[in-house]
Amino acid sequence: MAASRYIVGIDLGTTNCAVAYADHRAARGGAVAVRAFETPQLTAPGELHPRPMLPSFLYLPGPHDLPPGSTRLPWDPDRSYVVGEFAREQGARVTGRLVSSAKSWLCHPGVDRTAAILPWAAAPGVAKVSPITASSRYLEHIREAWNASVAAGRAGDRLEEQDIVLTVPASFDEVARDLTVEAARRAGLERLTLIEEPQAAFYAWLDAHTGDWAEQVSVGQVILVCDVGGGTTDFSLILTDESDGRLSFRRLAVGEHLMLGGDNMDVALARRVETRVAGQPGRLDSVQWSGLVQRCRAAKELLLGEDPPERVSVSLPGRTSKVIGGRIDAELTRDEVLALVLDGFLPFTAPDDEPVRQARSGLQEFGLPYVSDPAIPKYLSTFLRQHRMPRPDPEAWPMTRPDLVLFNGGALTPPVVRDRIVETIASWFRALGGEPDWKPGVLVTGSLDLAVARGAAHYGVVRRTGGVRIAGGTARTYYVGIEAPGADAPRALCVVPRGMQEGEEVRIEDRSFELTLGQPVGFPIYTSTVRTGDRPGALVPVDDRFMEALAPVETTLRAGSRTAAVKTIPVQLLARYTELGTIELWCASRRDNRRWRLQFQVRSARPAAAASPGENQPYEPVERGGTRGGVPVRVPSHAAAALARRSNAAAAGAAGQVTLDESVVDMAAGLVRAAFQAAPEPLDPDAVTPDSVMKRLRDVIGLGRDAWPIALLRRAWEPLADAADLRRSSARHEARWSNLAGFCLRPGYGYPNDEFRVQQLWRIAQAGPVYPRDEPSRTQWWILWRRVAGGLNTGYQEQLWGRLAPTLLPGRAKGRKPTGPRPGAQELTEMWRVAASLDRISEDTKLQLADALLKELRRSPPPYVLWALARIGTRVPLYGPLNTVVSRAAAEIWIDRLLESVQPGENASLTNELAFALALLARKSGDRHRDIDERLRARVVHRLGQIGARQHLVRLVTEVAELDAAEQKIAFGEALPAGLRLVEEPGG
């Protein structure tokens, strides 16, 4: 590809985008100057002006929001949306149509990032876009603005023909990086290279000090890059080294992903104003709240900017005539804002202070999973301890002491904020016995808002023409999860070592896998910034203290016609660190030169494959060339990364987990196998039958069935799968087989290889009961799917719903009619419980289900009604993505109906069911878009008190908290397997 005239750096920021470029035709004396590009954008209806930055806001106008022609652009007179400054200002007035923080949503694993979910707090009927689409529209506007003003009709100067260096946070995982690349490609930008923002900031410093940078640093110094932007906080360590007698730089470490930045400060200020005008936080609805946050952001920037006023008014038009919902008028002073930022986000801390890490955070505004503890210095000191660098100093510091600090990010623009960080670092080393007057030096660069874009352009110049570069390669180590039966914990195979260089490829030579062609292949992926010594091919225990689960990768191996007869093919894993700056994983054939790319799976709920479930076979590759303890090592096909966010399969021997002797496990598996063999001899007292197998298992295992460890249950599935055809022996065999299969595989996820097992189950049983005229068989078939619903992907759940709809919603099932006998009371109950357990079906379907359930409300409703309403309308899904949660408005209507219609009286069972339903429907998530109105919440709390509900249920309604074991048991329909702990991620 021919070298382009321009090299363009683009900072795709959470709050602002910035662009800088270098023109090689304008080089002077071999030097290429980097200049900022002022992006033309709408600043008011129909008014176009260039601005140094493009605010990262997208406004989606309604039909009557703006005068005709307001969104017209010179290059697109029919443009129907707005990005940039006018989008930000108009969105502050009409907040329900404003998309913001799209970059933060790109790295939110709790939602389908390819789905149209933004604006998160949009009113019903507002067209939405996906996080990828929003990001691509910012880049598309930059491309169009560049082409109109710089290219000006010259095809070779169009932005899509230039070399683009696009920035991402250092803490972005591979999924978020891939999504960023996808957004750029949708905008027409293909000639891409990625660079991490802290590195770009350092290159900006090099560019700003071209003539004297070598005089400001010396060999052996450690430079801390502290980057606090609008949505994320990033830390990086760079070492000043020496190579061939010249100064050079090498990256030592990057920090973990922290969703903490200027957005959080804006939220904190808005909470203060809300409390002041409404008496307590949480009183404003999501639309008013969004507008208040935007007003507070603007006030903060004024009060902490250059020549600030002493105070700023914050006003917000009312939405109703009520006090809450009416006009908001308040003042923020500079001292007040400064105190909140310094004391709330940059407090003085001890060198060993750890951030408070909660399973779920109370700061979930706009649905984003912000970190629990806002104290940035705690994360910084933890980072310096984790990446302790041995130094020749006489003091043995327990943490790396940075000699120099380079600041970046708009949140650090005020000098007083940067001074606080320097003073905090100095105080740590004074407390550790260092010199009383020591403090790190500060490397000075230009505008923090523009530095990343300028540094990206400078990096592009260096790549092309040569110059000082930061060495270091990949900042993380990457692993592929493999299942090793008999091992004391899940294992992971190192495939990418930290420090792997761009363009380098690693082939895992000493391990081979045999994969079946034409079938989906999936691998769980883990990464670590802390484990630095693992080399490719190393097999290590999965440890969530040092390793983070990413979304799994998957592909389908297509052989082509020339090898159509081949069933399996030996492959090895191959990894490549691309020049683009992303990791690629491949399966490479050992027979020839074919490769299959493994794609990161980014959807929280994977849609059904194009093939029918019967054709969409899972695989079970077995490693060749050795076993461990006589047992082949298997690569699991489960979506471990997505599931690990919500559950944790405890290792054997962990607290509360029973470790059984292997002979006991083998005996239990043998009993299951025997129960479904041919009919026993008459009068054989020792025969194992479907009716006796559970009692025999309890006798052998010596524990109540709720205490059976998950490892045992998953082993017991193997003989059940082998004996699947024998369930046809009788209706009694089938009913017991379904009951035991669901019990062993519940809740369908959470243990290595569970996706493979659930796909096996789907192939076996999805066609329906073998004995459709037998009600116990039908009932147990539905119980089976309720138990494993969490392991079913969206397509499978929709197919199950298709079988349920004609019975549960007669007349709404698009012409389909119920088949088979009319269900009895117990079967109907189980059908409703299955339907309510399908978290991944559409909100519209859930609303139809709820309408039918509400019609059943009476003094003594059927036993499934309250439980099903609770599961359908819960504010925090048990396993599904956040974007399938029903609306707050719907949940409020259901709660109101429950409060009015259901009077438990002396019926203890109904009292408990009502308490549970109210608690889940009113459960506090911390995201006010999902959370119910505070006045309704107070009514729920009052009713729970009246009926004597468990105190923990009340706590779920009044604060952000996790379900306890008893509540999990009710929600899932029974206890989780022993050793499986439900861990709810931030935001649900």
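What comes next is a walk through the structure. As a convention, each chain's residues are numbered from 1 in the sequence order in which they are written. Local features in this predicted model are restricted to residues of pLDDT 70 or higher, and side-chain atom pairs are both shown and tallied only at a pLDDT of 80 or more, whereas totals for entire chains, interfaces and linings draw on every residue. Side-chain calculation: all heavy atoms of the structure are included, whereas hydrogens and water are not.

Describing helix α22 (residues 843-854)
Only runs of H or I of at least four residues qualify as helices and only runs of E of at least two qualify as strands under DSSP, and these elements are numbered from the N terminus. Expected span of a helix: the number of residues minus one, times 1.5 Å. When the terminal C-alpha atoms of α22 are compared, their 16 Å separation across 12 residues agrees well with the 16 Å that a helix rising 1.5 Å per residue should span. By definition, residues are in contact when any of their heavy atoms lie within 4.5 Å. In this structure, the buried side of α22 is in contact with α20 (794-808), α21 (825-836), α23 (865-873) and α24 (888-901).

Re the sheet that holds strand β18 (residues 441-443)
Strand pairing follows a simple DSSP-based rule, namely that at least 2 bridges must link the two strands. Strands sit in the order β18-β17-β12-β13-β14-β19 across an open sheet of six strands; the sheet is mixed. Each edge of the sheet is formed by a strand with only one pairing partner; in this case those strands are β18 and β19 (470-471). In the sheet, strand β14 (residues 246-254) pairs with β19 via two bridges, with the strands oriented parallel. Bridge pairing in β19 links Phe-249 to Ile-470. Note on method: axes are straight lines fitted to C-alpha atoms, helices fitted across the in-contact stretch only, with angles between N-to-C directions ranging 0 to 180 degrees. Sitting on the sheet, helix α11 (residues 415-431) touches β12 (222-228), β17 (404-408) and β18, and the angle it makes with β17 is about 150 degrees.

Observations regarding the nonpolar core
Across soluble globular proteins, nonpolar side chains have a tendency to be buried as a group. By size, the foremost hydrophobic cluster in this structure holds 100 residues, and its most contacted members are Trp-785, Trp-801 and Leu-898. If one sorts the elements of this core by residue count, helix α25 (residues 908-921) sits on top with nine residues. Only buried residues count toward a nonpolar core, which is a set of Ala, Val, Leu, Ile, Met, Phe, Trp, Tyr and Cys residues joined through side-chain atoms within 4.5 Å. Partly exposed describes any residue whose relative accessible area lies between the buried limit of under 20% and the exposed limit of over 50%, with all areas from a 1.4 Å probe on protein chains only and scaled to the type maximum. In this structure, Cys-226, Ala-330, Val-337 and Leu-412 belong to the second largest nonpolar core, which totals 57 residues.

Remarks on the packing of aromatic side chains
Each aromatic ring pair is characterised by the separation of its centres together with the angle its planes make. Aromatic rings from Phe, Tyr and Trp, taking only the six-membered ring of Trp, are treated as a pair when their centres fall within 6.5 Å; an angle between ring planes under 30 degrees marks them as stacked, one over 60 as edge-to-face, and anything in between as tilted. Per the stated rule, a full pass over the model turns up 20 aromatic pairs. Where Phe-202 meets Trp-205, the ring centres are 5.5 Å apart and the plane angle is 35 degrees; that geometry is what we call tilted. In this pair, Phe-202 and Trp-205 are both assigned in helix α5 (residues 197-208), three residues apart and thus about one turn of the helix distant. In this structure, Phe-202 and Trp-205 share a single accessibility class: buried. On the numbers, 4.8 Å between centres and 70 degrees between planes, the contact of Phe-202 with Phe-249 is edge-to-face. Taken as a pair, Phe-202 in helix α5 and Phe-249 in strand β14 lie far apart in primary sequence, 47 residues in all. Both residues of the pair, Phe-202 and Phe-249, count as buried. One aromatic cluster is present, formed by Trp-762, Trp-781, Trp-782, Trp-785 and Tyr-796 through successive ring pairs. In this structure, Arg-137 is placed above the aromatic ring of Tyr-81, and the distance from its NZ or CZ to the ring centre is 4.1 Å. Consider the ring centre and the ring normal. A charge sits over the ring if Lys NZ or Arg CZ is within 6 Å of that centre and within 35 degrees of that normal.

So, the packing of helix α17 (residues 731-745) against helix α19 (residues 775-788)
The angle between the axes and the distance between the axes are what describe a pair of packed helices. Axis separation between α17 and α19 bottoms out at 8 Å; the angle between their running directions is 10 degrees. One finds that α17 runs roughly parallel with respect to α19. Together, Ala-731, Glu-734, Ala-735, Ser-738, Asn-739, Ala-741, Gly-742, Phe-743 and Leu-745 of α17 and Pro-776, Ser-777, Gln-780, Trp-781, Leu-784, Arg-787 and Val-788 of α19 make up the contact between the two elements. Note on residue classes: Ala, Val, Leu, Ile, Met, Phe, Trp, Tyr, Cys and Pro are nonpolar, Asp, Glu, Lys and Arg are charged, and everything else, Gly too, is polar. Of the residues in the contact of α17 with α19, the class split is nine nonpolar, five polar and two charged. For classification, angles of less than 35 degrees are called roughly parallel, those exceeding 145 degrees roughly antiparallel, those between 65 and 115 degrees roughly perpendicular, and all remaining angles oblique.

Description of the packing of helix α10 (residues 376-386) against α11
Following both chains from N to C, one finds α10 and α11 inclined at 50 degrees, their axes separated by 11 Å at the closest point. As summarised for this structure, α10 and α11 are arranged oblique, according to the angle between their axes. With respect to the hand of their crossing, α10 and α11 are arranged in right-handed fashion. Residues Pro-377, Leu-380, Ser-381 and Leu-384 of α10 touch α11, and the partners they reach there are Ile-421, Thr-424, Ile-425 and Trp-428. In a left-handed crossing the near helix is turned counterclockwise from the far helix by less than a right angle, and in a right-handed crossing that turn is clockwise.

A short note on the layout of surface pockets
Empty space left among the atoms is revealed by rolling a probe the size of a water molecule over them. Of the voids in this model, the second largest pocket is the one considered here, and its volume is about 1,200 Å³. What lines the second largest pocket is a set of 46 residues, and nearest its centre among them are Asn-16, Met-53, Gly-410, Thr-413 and Asp-449. Among the elements of the structure, β6 (53-55), α1 (85-93), α7 (262-278), α8 (286-303), α9 (334-345) and α11 are those that each provide at least two residues to the lining of the second largest pocket. It is α8 that provides the largest number of residues to the lining of the second largest pocket, a total of five residues. Partitioning the lining of the second largest pocket into residue classes produces 15 nonpolar, 15 polar and 16 charged. Points on a 1 Å grid, built from protein atoms alone, make a cavity when a 1.4 Å probe fits but cannot get out and make a pocket when they are open with protein on both sides within 12 Å along at least 5 of 7 lines; residues with an atom within 4 Å of a point are the lining residues. Grid points are joined across faces, edges and corners, and a volume is the space filled by probe spheres set on the points.

Considering the pattern of salt bridges
When a carboxyl oxygen of Asp or Glu is within 4 Å of a side-chain nitrogen of Lys or Arg, the pair counts as a salt bridge. Scanning all chains against the criterion turns up 57 salt bridges. Between Glu-974 and Arg-786 there is a salt bridge, and its shortest N-O distance comes to 3.2 Å. Here Glu-974, found in the loop between α28 (965-972) and β32 (980-982), pairs with Arg-786, found in helix α19; they are 188 residues apart in sequence, far enough to count as distant. Overall, Arg-786 belongs to the buried group, its relative accessible area being 7%. A single salt-bridge network, built from bridges that share partners, covers Arg-705, Arg-786, Arg-787, Glu-830, Arg-833 and Glu-974.

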